[in-house]
Amino acid sequence: MDERSRVLLATMIGAVAGGGWGWLYMTESGRRVRSQIEPKLDDFMRELANVRGTIDKARTAENEGWRSLGELTGNPGQGRWSA
């Protein structure tokens, strides 16, 4: 892809994004769509935080398991994923 094509593509993407933003924030129908989307985005962000917490708990459990295994084998360490 040459430089001219990249500039054209970036311009088109910017125009579409700007048009979408303008529609969402400047029209009544866009406001209605925003009012429907925002609670769903909040739910999605809450779920994402829950997943992040679950991953952190799993990582902690794994490190504890590796530490316990190291103690049993006589090679105590900080855990497999510790920094």
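Quick caveat, the model's predicted, so the values are computed rather than measured.

J.: Please explain helix α2 (residues 28–73) as it appears in this structure.
T.: The α-helix advances 3.6 residues per turn, and as a result positions three or four apart in sequence lie on the same side. Here α2 contains 46 residues, and its C-alpha end-to-end distance of 67 Å stays within 8% of the 68 Å for a straight helix at 1.5 Å per residue. If you check which residues of α2 are buried, you get Gly30, Asn63 and Gly70. Taken together, the buried residues of α2 touch α1 (3–26). Downstream of α2 by a residue or two, glycine 74 has a phi angle that is positive, lying close to 85°.

J.: Before we go on, may I ask you to explain the pattern of salt bridges in this structure?
T.: Opposite charge on two side chains permits pairing when their charged atoms draw close. The full count for this structure, using the stated rule, is six salt bridges. One salt-bridge network, held together by shared partners, links Glu64, Arg67 and Glu71.

J.: Help me understand the environment of threonine 60, please; the structure alone is not making it clear to me.
T.: Here threonine 60 shows up in helix α2. By relative accessible area, which is 53% here, threonine 60 ends up exposed. Taking the C-alpha atoms as reference points, threonine 60 and valine 7, 53 residues apart in sequence, are found 46 Å from one another.

Rules used in this analysis
Residues numbered from 1 in each chain as written. Predicted model: local features only at pLDDT ≥ 70, side-chain atom pairs only at ≥ 80, totals over all residues. Heavy atoms only, no water. Helix = DSSP H or I, 4+ residues; strand = E, 2+ residues; numbered from the N terminus. Expected span 1.5 Å × (residues − 1). Buried < 20%, exposed > 50% of the residue type's maximum accessible area, 1.4 Å probe, protein only. Contact = heavy atoms within 4.5 Å. Salt bridge = Lys/Arg side-chain N within 4 Å of Asp/Glu carboxyl O.

Geometry only, nothing functional implied.
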